[in-house]
Amino acid sequence: MEHETFPEDLADTLVRIQRLIRRRLRGELVMPRLRGAEVELLRLVESRPGIRISDAAKALHLAGNSVSTLVNQLVGGGYLLRETDPADRRAARLLLTGAAEKRLADWQRRRAELVSRQVSRLDETDREALRAALPALRKLAVTLHEEAEES
């Protein structure tokens, strides 16, 4: 019986962990909160400075107009710079502002502290089980990403 519900249990648990982390981190914010998609876009631009909007849409599996809306909001909020691509004057390249870099670094630090604090409350057997599960979870993320790329 457990095997039949495992995929759903795993997905539910991962979503719940992500939601609780976001909720806890949001509660500590003094500045206006960013939506999940905005943070995802900022993190993508951080990892791929100069990415084009169309490539960002593909990487995030979002419609181009949805990413354009996010870009406009983040440019307006002072978190993204949109520059003309010298190789193709019709395309825009995205770069983080200093404010975005600071906010992402703060968010990553606070997230690491939160998760570290909570993991340290687990017994060694549970901490080791989580460490042992990481490679399989990473492979799952890769296969999910690859399947999304194919469709």
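Residues numbered from 1 in each chain as written. Predicted model: local features only at pLDDT ≥ 70, side-chain atom pairs only at ≥ 80, totals over all residues. Heavy atoms only, no water.

Q: How do you make sense of the nonpolar core when you look at a structure like this?
A: Within soluble globular proteins, side chains that are nonpolar generally end up buried alongside one another. Counting residues in each nonpolar core, the largest one holds 26 residues, and the members touching the most others are L41, L42 and L80. Among the secondary structure elements, those contributing two or more residues to this core are helix 1 (2-27), helix 2 (36-47), helix 3 (53-60), helix 4 (64-76), strand 3 (88-96) and helix 5 (98-120). Excluding residues that lie within four positions of it along the chain, L41 makes contacts with A56, L60, V67, L70, V71, L74, L80 and L94. (Core = buried A, V, L, I, M, F, W, Y, C linked by side-chain atoms within 4.5 Å. Buried < 20%, exposed > 50% of the residue type's maximum accessible area, 1.4 Å probe, protein only. Helix = DSSP H or I, 4+ residues; strand = E, 2+ residues; numbered from the N terminus. Contact = heavy atoms within 4.5 Å.)

Q: I would appreciate a short explanation of a nonpolar patch on the surface in the present structure.
A: Nonpolar side chains collect at one region of the surface, where L14, L134, L137, L140 and L144 lie side by side and expose about 380 Å² of accessible area between them. Sorting elements by how many residues they give to the nonpolar patch places helix 6 (residues 124-150) first, with 4 residues. Note on placement: L14 falls in helix 1. (Patch = residues over 30% accessible without salt bridge, like charges linked within 9 Å, V, L, I, M, F, W, Y side chains within 5 Å. Areas by Shrake-Rupley, 256 points an atom, 1.4 Å probe, with all protein chains shown as cover. Salt bridge = Lys/Arg side-chain N within 4 Å of Asp/Glu carboxyl O.)

Q: Could you clarify how one ought to interpret a positive patch on the surface in this entry?
A: A surface patch of like charges, here positive, comprises R16, R19, R22, R23, R26 and R33. Residue placement: R22 occurs in helix 1. (Lys, Arg positive; Asp, Glu negative; His and termini not counted. Charge placed at Lys NZ, Arg CZ, Asp CG, Glu CD.)

Q: Even after reading the chapter, I still don't get the side chain of D85, so can you show me in this structure?
A: Structurally, the position occupied by D85 is in strand 2 (residues 80-85). Residue classification places D85 among the buried residues on the basis of a relative accessible area of 7%. Within the local environment of D85, its side chain forms a polar contact with the backbone nitrogen of A87, the two atoms lying 2.9 Å apart. Each residue touching D85, except ones within four places of it in the same chain, is listed here: R52, A91, A92 and R93. (Polar contact = N/O pair within 3.5 Å; in protein donor to acceptor, adjacent residues only side chain to side chain.)

Q: Hey, could you run me through the packing of helix 2 against helix 3 in this one?
A: In helix packing, the relevant descriptors are the interaxial angle and the interaxial distance, both defined with respect to the helix axes. One can describe the packing of helix 2 onto helix 3 by two numbers: an axis separation of 11 Å at closest approach and a directional angle of 115°. The chirality of how helix 2 crosses helix 3 is right-handed. The segment helix 2 lies against helix 3, with E40, L41 and L44 engaging A56, A59 and L60. (Axes fitted to C-alpha atoms, helices over the stretch in contact; angles between N-to-C directions. Left-handed = near helix turned anticlockwise from the far one by under 90°.)

Q: Mind showing me how you'd approach the environment of D106 here?
A: Residue position: D106 is located in helix 5. In this structure, the C-alpha to C-alpha distance between D106 and R16, residues 90 residues apart in sequence, is 22 Å.

Q: It is not clear to me how the sheet that holds strand 2 should be interpreted in this structure. Could you clarify?
A: Hydrogen bonds along the backbone pair up the strands of a sheet, which may run parallel or antiparallel. One open sheet accounts for 3 strands, arranged 1-3-2; its pairing is antiparallel. Each edge of the open sheet is held by one strand with a lone partner, namely strand 1 (51-52) and strand 2. Pairing of strand 1 with strand 3 involves 2 bridges; the strand directions are antiparallel. Looking at strand 3, one finds that I51 is bridged to L94. Relative to strand 3, helix 2 is tilted by about 100°, and along the sheet it contacts strand 1, strand 2 and strand 3. Along the sheet, helix 4 makes contact with strand 2 and strand 3, crossing strand 2 at roughly 120°. (Pairing = 2+ DSSP bridges.)

Q: Quick question: what am I supposed to make of helix 4 here?
A: At 3.6 residues per turn, the α-helix brings residues three or four places apart onto the same side. For helix 4, built from 13 residues, the straight-helix expectation of 18 Å at 1.5 Å per residue is met to within 8% by its first-to-last C-alpha distance of 18 Å. Buried within helix 4 we find V67, L70, V71 and L74. On an axial view of helix 4, the arc spanned by its buried residues comes to 100°, and they lie on one face. In this structure, helix 4 carries N65 and G76 as exposed residues pointing more than 90 degrees from its buried face. Among the structural elements, helix 2, helix 3, strand 2 and strand 3 are those in contact with the buried residues of helix 4. The first or second residue beyond helix 4 is G78, which carries a positive phi of 85°. (Expected span 1.5 Å × (residues − 1). Arc of directions from axis to C-beta.)

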